[in-house]
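# Results of the structural survey
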Amino acid sequence: MNVLVTYTEYFSPKVCPYVREILASLTVGEVTSVSDTSTKFHLPEDHQQTFVALSVLSRFMPLFGMRYNNIKACAQQRNPGGKITCQNNFIYFIYMMYSNQKIFPDVNLTLTLYCVSITESGISVAEFGCATGVLVNKLASRFKNSTFLGSDITGKPLEIARADANSRGIQNISYSTDNIENLPEKYNDSFDWILTRFVIHDLAYPRQALNQIYQCLKPGGIFSMIEVGLEGGIAGNIANGTSMFYYSASTFMCIPESFRQPDSAALGATWGASLAREMVVKAGFTIINETASHTDEKEIHFVCQK
Ligand SMILES: C[S@@+](CC[C@H](N)C(=O)[O-])C[C@H]1O[C@@H](n2cnc3c(N)ncnc32)[C@H](O)[C@@H]1O
């Protein structure tokens, strides 16, 4: 049992009033527990994922708050496409994702041994929607025989990725600003391995992007689609803390990101594993493996082959 604070301490001046109120709200929300007979607040084993998810969610609250009025206005319109400008604070979102390594420590572990073994031999790899390059820079620094492309639709995060690579002497990587929904012809049949992490569900035209990725892979090449992969729809996710996080983040971040055009797919992060599978198969891929992240069971690595 994870004891957070004893009941006696809770009512003493030793406990900061903020901590007291946070603990109380977690307890009435059934995340942490206390009973009349108990002398301690504790975190039940099976609520640990929820606790972690809520602690991540709370870091996003200021950002969600900044968007509150915008989102409210959009929700009141019949056609909310393109009404929110995201890029100004999107970079802030990316920073927050990685500001505490404890939140996403598993970023490179989501890659299967299969991908690692082929990368040792020296191949051509691209990550689209790489933002500040956390993943692709790590890979480039580890697999010196392979060449890497870090690509994103926005240039600003790539400057950070480039500066990081320069400061660490990583030489087998280049960066490019590209729209994954409409990639340049020079990429056709040119990569052995393409990665995306938390990108496809954010796109206006995800099916188009999957077709483009297929086209850019060499025959037999691998597409690693790392995505939120909820199973069971709404009914299958009741009272799941991680799912609560993803539904909230999707409302404030993913739907406005995707809803750039009136005919945007606007899938949201909660699009679900079954739709994800259906879409990659429709684009021509065969799914050869699926693994969940060690730290977030809802983060799924779909290994797809051309
Ligand atoms: C949720 S972030 C994920 C960033 C990073 N892959 C990660 O795992 O943290 C989505 C990224 O996709 C990029 N993106 C959005 N639309 C894109 C498009 N059409 N083409 C390429 N990248 C795009 C965004 O700029 C952003 O960096």
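Look up a bit, the structure's there.
Conventions we followed
- Residues numbered from 1 in each chain as written.
- Predicted model: local features only at pLDDT ≥ 70, side-chain atom pairs only at ≥ 80, totals over all residues.
- Heavy atoms only, no water.
- Axes fitted to C-alpha atoms, helices over the stretch in contact; angles between N-to-C directions.
- Helix = DSSP H or I, 4+ residues; strand = E, 2+ residues; numbered from the N terminus.
- Parallel < 35°, antiparallel > 145°, perpendicular 65-115°, else oblique.
- Left-handed = near helix turned anticlockwise from the far one by under 90°.
- Contact = heavy atoms within 4.5 Å.
- Buried < 20%, exposed > 50% of the residue type's maximum accessible area, 1.4 Å probe, protein only.
- Phe/Tyr/Trp six-rings, centres within 6.5 Å; stacked < 30°, edge-to-face > 60°.
- Core = buried A, V, L, I, M, F, W, Y, C linked by side-chain atoms within 4.5 Å.
- Nonpolar A, V, L, I, M, F, W, Y, C, P; charged D, E, K, R; others polar.
- Right-handed = clockwise from strand over helix to strand, strands pointing away.
- Pairing = 2+ DSSP bridges.
- Patch = residues over 30% accessible without salt bridge, like charges linked within 9 Å, V, L, I, M, F, W, Y side chains within 5 Å.
- Areas by Shrake-Rupley, 256 points an atom, 1.4 Å probe, with all protein chains shown as cover.
- Salt bridge = Lys/Arg side-chain N within 4 Å of Asp/Glu carboxyl O.

### Describing the packing of helix α8 (residues 206-216) against helix α10 (residues 273-282)
Interaxial distance between α8 and α10 falls to 9 Å at its minimum, and their mutual angle equals 50°. Taken together, the axes of α8 and α10 lie oblique to each other. Taken as a pair, α8 and α10 cross one another with a handedness that is right-handed. Here P206, R207 and L210 of α8 lie close against α10, whose contacting residues are L275, E278, M279, V280 and K282.

### Some points on unusual backbone geometry
Apart from glycine, the bulk of residues carry a negative phi angle, and the bulk of peptide bonds sit in the trans form. Phi is positive for A131, close to 50°, though the residue is something other than glycine. Position of A131 among the secondary structure elements: in the loop between β3 (124-128) and α6 (134-142). Accessibility expressed as a relative area gives 10% for A131, which makes it buried. Although it is not a glycine, D189 sits at a positive phi angle of roughly 55°. Mapped onto the elements, D189 comes out in the loop between β5 (173-177) and β6 (191-197).

### Here we look at the packing of aromatic side chains
The final tally for this structure, using the stated rule, is seven aromatic pairs. Consider the rings of F128 and Y187, whose centres lie 6.1 Å apart with planes at 55°: the pair is tilted. Of this pair, F128 sits in strand β3 while Y187 sits in the loop between β5 and β6; the two residues are 59 residues apart in sequence, bridging distant segments of the chain. Their ring planes at 85° and their centres at 6.2 Å tell us that F128 and F191 sit as a pair that is edge-to-face. One end of the pair, F128, is in strand β3; the other, F191, is in strand β6, with 63 residues separating them in the sequence. Clustering of aromatic rings is evident, with ring pairs tying together F128, Y187 and F191.

### Considerations on the nonpolar core
Counting 28 residues, the largest nonpolar core has F128, F191, I194, I200, F223 and M225 as its most contacted members. Sorting the residues of this core by element identifies β3, β6, α8, β7 (217-228), α10 and β9 (299-305) as the ones contributing at least two each. With residues up to four places along the chain from it excluded, the contact list for I194 reads A126, F128, I213, C216, L217, I222, F223 and S224. Core analysis: the second largest hydrophobic core is formed by 20 residues, V125, L135, L158 and I173 among them.

### Thoughts on the packing of helix α3 (residues 48-75) against helix α9 (residues 241-258)
The interhelical angle for the contact between α3 and α9, taken along N-to-C directions, is 25°, at an axis separation of 9 Å. The angle between α3 and α9 places the two elements in the roughly parallel class. α9 is crossed by α3, and the crossing has left-handed handedness. Only G241, T242, M244, F245, S248, A249, T251, F252, M253 and P256 of α9 make contact with α3, whose side of the interface consists of Q49, T50, A53, L54, V56, L57, F60, L63, F64, R67, Y68 and I71. Across the contact of α3 with α9, the residue classes tally to 15 nonpolar, six polar and one charged.

### Focus: the pairing of β7
With nine of twelve residues buried, β7 lies mostly within the body of the structure. Crossover β6 to β7 through α8 is right-handed. Here β7 runs beside β9; their pairing, made up of seven bridges, is antiparallel. Across the sheet, residue I226 finds its bridge partner in β9, namely H301.

### Digging into a nonpolar patch on the surface
Among the surface-exposed residues, I234, I238 and Y247 lie close enough to one another that they form a single nonpolar patch of about 330 Å² accessible area. Counting through the fold element by element, I238 comes out in the loop between β7 and α9. I238 sits in the exposed class, given a relative accessible area of 62%.

### Some details on the environment of G155
Its place among the elements puts G155 in helix α7 (residues 155-167). Taking the C-alpha atoms as reference points, G155 and D178, separated by 23 residues in sequence, lie 9.1 Å from one another.

### Quick word on the environment of E127
Along the chain, the position of E127 falls in strand β3. Filtering out sequence-adjacent residues up to four positions away, E127 remains in contact with L135, V136, L149, G150, S151, L195 and R197.

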